[in-house]
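# A closer look at the structure
If you want the building blocks of each chain, they are given just below.
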Amino acid sequence: MAKTTPATVALTKAGIGFELHPYDYDPDAPRVGLQAAEALGKAPEQVFKSLMVLVDDKAACVVLPSDCEVSMKKLAAALHGKHAQMMKPADAERLTGYKVGGVSPFGQRKQVPTVIDETAQLFDRVLINAGQRGLLLEIAPDDALSAAHAKWADITA
């Protein structure tokens, strides 16, 4: 497994510290984020998943705890939109340069508006996808916010 991804390169270039956590990725897991948390022995609310969405037909990235679902209504409001929906997997892969299951909010091909669920601030460190299936990175929430050019919001259902 490669330990260098566009996400790790972007964070290193920005001078942001992180720690890598490889795990055995299970593509058949019903909820990949929960499977990652279990594989690493971490609390699901501390392991964050990255989803690509469309808000008023414009791409955005949402980062939320692996044990939660995104509220499309709250997400749309957080980005001053009216309607939000999940992006098709093929479109997400083409836009980000990452495979679904390995999407990171860092180092995407194109910078898009990003929202991180405000609960990340409850932790000293959170785990977020490092840009490859089976690889998470541990990072301080404020560093994640800065690196992803993101904003905090309550976005869970």
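Up top you'll find the structure we're talking about.
Described in the following lines is the structure provided in the data block. Please read these numbers as outputs of a predicted model, since none were measured by experiment. (Residues numbered from 1 in each chain as written. Predicted model: local features only at pLDDT ≥ 70, side-chain atom pairs only at ≥ 80, totals over all residues. Heavy atoms only, no water.)

## Regarding the overall build of the protein
Broken down by element type, the protein carries five helices and eight strands. Ordered by position from the N terminus, the helices and strands of the protein form the series α-β-α-β-β-α-β-α-β-β-β-α-β. Computed over C-alpha atoms, the radius of gyration of the protein comes to 14 Å, within 12% of the 15 Å expected from 2.2 N^0.38 for 157 residues, which places it in the range of a compact globule. Viewed in the frame of its principal axes, the protein has a C-alpha envelope of about 40 × 30 × 30 Å. Within the protein, the proportion of its 157 residues that are buried is 47%. Restricting to contacts in the protein with at least 6 residues of sequence separation, those with at least 24 account for 62%. Only carbon and sulfur atoms are counted for the fraction: they give 52% of the accessible area of the protein, which is about 7800 Å². (Helix = DSSP H or I, 4+ residues; strand = E, 2+ residues; numbered from the N terminus. Rg over C-alpha atoms; globule rule 2.2 N^0.38 Å. Buried < 20%, exposed > 50% of the residue type's maximum accessible area, 1.4 Å probe, protein only. Contact = heavy atoms within 4.5 Å. Areas by Shrake-Rupley, 256 points an atom, 1.4 Å probe, with all protein chains shown as cover.)

## With respect to the pattern of salt bridges
One pass over the structure, following the stated rule, counts four salt bridges. Arg-31 is the salt-bridge partner of Glu-69, the closest N and O atoms lying 3.1 Å from each other. Taken together, the residues span a long stretch of sequence, with Glu-69 in the loop between strand S3 (58–65) and helix H3 (72–78) and Arg-31 in the loop between strand S1 (19–22) and helix H2 (32–40) at a distance of 38 residues. Note on Glu-69: relative accessible area 47%, which makes it partly exposed. (Salt bridge = Lys/Arg side-chain N within 4 Å of Asp/Glu carboxyl O.)

## Some details on the side chain of Thr-156
Structurally, Thr-156 is set in the segment after strand S8 (150–153). The exposure class of Thr-156 is buried, given its relative accessible area of 13%.

## A few points about H2
Considered for burial, the residues of H2 that qualify are Gly-33, Gln-35, Ala-36 and Ala-37. Contacts from the buried residues of H2 go to strand S2 (47–55) and strand S7 (135–139).

## Notes on the pairing of S2
Among the nine residues that make up S2, eight are buried, leaving the element largely enclosed by the rest of the structure. In the sheet, S2 pairs with strand S6 (residues 126–132) via two bridges, with the strands oriented parallel. Considered in S6, the bridge of Phe-48 is made with Ile-128. As paired strands, S2 and S3 are joined by eight bridges and run antiparallel to one another. Paired with Leu-54 across the strands is Ala-59, a residue of S3. Between the antiparallel neighbours S2 and S3 lie two residues, among them Asp-56 with a positive phi of about 50 degrees. By the bridge criterion, three bridges tie S2 to strand S4 (residues 84–86) in an arrangement that is antiparallel. (Pairing = 2+ DSSP bridges.)

## Details of the nonpolar core
Within soluble globular proteins, side chains that are nonpolar tend to cluster in buried spots. If you look at the biggest cluster of nonpolar residues, it comprises 27 residues, and the most contacted ones within it are Met-52, Phe-106, Ile-116, Ile-128 and Ile-139. Those elements giving two or more residues to this core turn out to be helix H1 (6–13), S2, S3, helix H4 (89–96), S6, S7 and helix H5 (141–147). Dropping the residues within four chain positions of it, Ile-139 is found in contact with Leu-11, Ile-16, Gly-17, Phe-106, Asp-124, Arg-125, Val-126, Ile-128 and Ala-144. One finds Leu-64, Val-70, Leu-75 and Ala-78 within the second-largest nonpolar core, a separate group that totals 13 residues. (Core = buried A, V, L, I, M, F, W, Y, C linked by side-chain atoms within 4.5 Å.)

## Some remarks on the environment of Lys-110
Within the element layout of this structure, Lys-110 appears in the loop between H4 and strand S5 (114–117). Lys-110 sits in the exposed class, given a relative accessible area of 51%. Here the alpha-carbon distance between Lys-110 and Val-63, two residues 47 residues apart in the chain, equals 16 Å.

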